[in-house]
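# Reading the structure
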Amino acid sequence: MPQKETVEYRRILLDGAAVQVRREGDELVGADGRVVGVDDAVHLPPCVPTKIIAVHLNHRSRVEEFMTSLPPAPTYFHKPTSALNAHKGAIVRPERCEYLNYEGEVAIVIGRTTRNISPDEAGDHIAGYTIGNDYGLHDFRDTDAGSMLRVKGSDTLCPLGPGLVTGWDFHGKRLRTYVNGEVVQDGSTDEMEWDMHYLVADIARTITLYPGDVLLSGTPANSRPVRPGDVVEVEVEGLGRLTNHIVHGPVPIRDDCGAQPTESEEVISTAFGGDWEFRGIRPPKR
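What you are looking at is a predicted structure, and each value in this text was computed from that prediction instead of being measured.

Reading across the sheet, the three strands line up as 13-10-18 and stay open at both edges, with antiparallel pairing between neighbours. This sheet does not close on itself; its edge strands, each paired only once, are strand 13 (136-137) and strand 18 (225-226).

So, about the UniProt feature "domain: Fumarylacetoacetase-like C-terminal" (unreviewed entry) in the protein. Mapped onto this numbering, the UniProt entry gives "domain: Fumarylacetoacetase-like C-terminal" (unreviewed entry) at residues 51-247. With 14% helix and 39% strand, the stretch residues 51-247 has end C-alpha atoms that lie 25 Å from each other.

Attention now moves to helix 5 (residues 196-203). The element helix 5 is largely enclosed, with a buried count of six among its eight residues. Contacts from the buried residues of helix 5 go to strand 6 (52-55), strand 7 (76-79), strand 11 (104-110), helix 2 (119-122), strand 12 (126-133) and strand 17 (214-216). Regarding helix 5, its N-cap is D195, as a side-chain oxygen of that residue lies 3.1 Å from the backbone nitrogen of H197 further along.

Next up on the list: the pattern of salt bridges. All chains considered together, the criterion is met by 21 salt bridges. A salt bridge links E103 to R62, with the shortest nitrogen-to-oxygen separation between them at 3.7 Å. Separated by 41 residues along the polypeptide, E103 in the loop between strand 10 (100-101) and strand 11 and R62 in helix 1 (residues 60-65) bring together distant segments of the chain. By relative accessible area, which is 7% here, E103 ends up buried. Judged by relative accessible area, which is 5%, R62 ranks as buried. Residues R224 and E65 are paired through a salt bridge, measuring 2.9 Å at the closest nitrogen-oxygen approach. Here E65 lies in helix 1 and R224 lies in the loop between strand 17 and strand 18, a separation of 159 residues in the sequence. Relative accessible area serves as the criterion here: at 21%, R224 is assigned to the partly exposed category. Residues joined by salt bridges that share partners form a network here, namely R62, E65, K79, E103, D134, K152 and R224.

To continue, consider the pairing of strand 19 (residues 231-236). Strand direction decides the pairing type here: strand 15 (residues 174-179) and strand 19, joined by five bridges, are antiparallel. Residue pairing for strand 19: T177 is matched across the bridge by V234. The pairing of strand 19 with strand 20 (residues 240-252) spans six bridges and is antiparallel. Across the sheet, V236 pairs through a bridge with G240, a residue of strand 20. Between strand 19 and the antiparallel strand that follows it, strand 20, lie three residues; G238 among them carries a positive phi value of about 90°.

Attention shifts here to the sheet that holds strand 15. Backbone hydrogen bonds hold the strands of a sheet together, and the pairing may be parallel or antiparallel. Taken in spatial order, the five strands make up an open sheet running 9-20-19-15-16, and their pairing is mixed. Each end of this open sheet is capped by a strand with a single partner; those strands are strand 9 (90-95) and strand 16 (182-188). Averaged over all neighbouring strand pairs, the angle between strand axes comes to 20°, with direction disregarded.

Grouped together as the largest cluster of nonpolar side chains are 28 residues, with contacts concentrated most on Y129, V200 and L215. If one sorts the elements of this core by residue count, helix 5 sits on top with five residues. Once you skip the residues sitting within four places of it in the chain, V200 turns out to touch I108, I110, T114, I117, A122, I126, L209 and L215. Core analysis: the next-biggest nonpolar cluster, separate from the first, contains 27 residues, I52, Y102, L137 and C158 among them.

The rules behind each value
- Residues numbered from 1 in each chain as written.
- Predicted model: local features only at pLDDT ≥ 70, side-chain atom pairs only at ≥ 80, totals over all residues.
- Heavy atoms only, no water.
- Pairing = 2+ DSSP bridges.
- Helix = DSSP H or I, 4+ residues; strand = E, 2+ residues; numbered from the N terminus.
- UniProt positions renumbered as here; feature names shortened; annotations may be inferred.
- Buried < 20%, exposed > 50% of the residue type's maximum accessible area, 1.4 Å probe, protein only.
- Contact = heavy atoms within 4.5 Å.
- Polar contact = N/O pair within 3.5 Å; in protein donor to acceptor, adjacent residues only side chain to side chain.
- Salt bridge = Lys/Arg side-chain N within 4 Å of Asp/Glu carboxyl O.
- Axes fitted to C-alpha atoms, helices over the stretch in contact; angles between N-to-C directions.
- Core = buried A, V, L, I, M, F, W, Y, C linked by side-chain atoms within 4.5 Å.

In structure tokens, the structure reads:
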């Protein structure tokens, strides 16, 4: 089968409108011929999903880090579309929260309505791939461990970008996350137990996927907390580099309703990579 052409598309804000552009070197070119420099563009998420689905564990290094084993099939959680963010966007750590973790991932973007297909058919239903950072607010892990709704679904915690790349072969690709220029995650798509086609087919057995929908495919080891002022970048070979910065959310989590942020052994151990054998012996708070 001939190799598909690799093309990168981005969505940017141009003269007040959301516009899809094609990357050509250091320029972004619109269908009407307008040109914007890559570094000058105001980026939007590269797709408009109706839903964002994420796999819990998939990279073997992450499984080993947690000293656990994979289930016989993938398990998933949902991130609401209100969590969407973009390349160069600010990630908000709310007041009264301390354990905001990065998770660099490859994001699958669906290209056409998909239901009840085989893994071998899934590639024809994928529009392309982008980079995701599946941030987690672990301060809510004690109360949302089952659904992960507030842990993974709070506002701003799903940046995608910078672009949507078509014709990309996901095999053997390097994935790295940087915090303030230092490599903190270093993995490969080859350490994934379930590949991109399997994940799409698995979800589509009972859930219809629509164009623009996103599946986050899992993160390698060494997800750790970041704090306001940090710059977090996720780089995937062939997909580029997604950059975001952490900011302090001045509005505190309300204490007159709902579960409150906690700092239990479960919260702290999960935030620091499942250090169950080192409970009580951890890095000092930053």
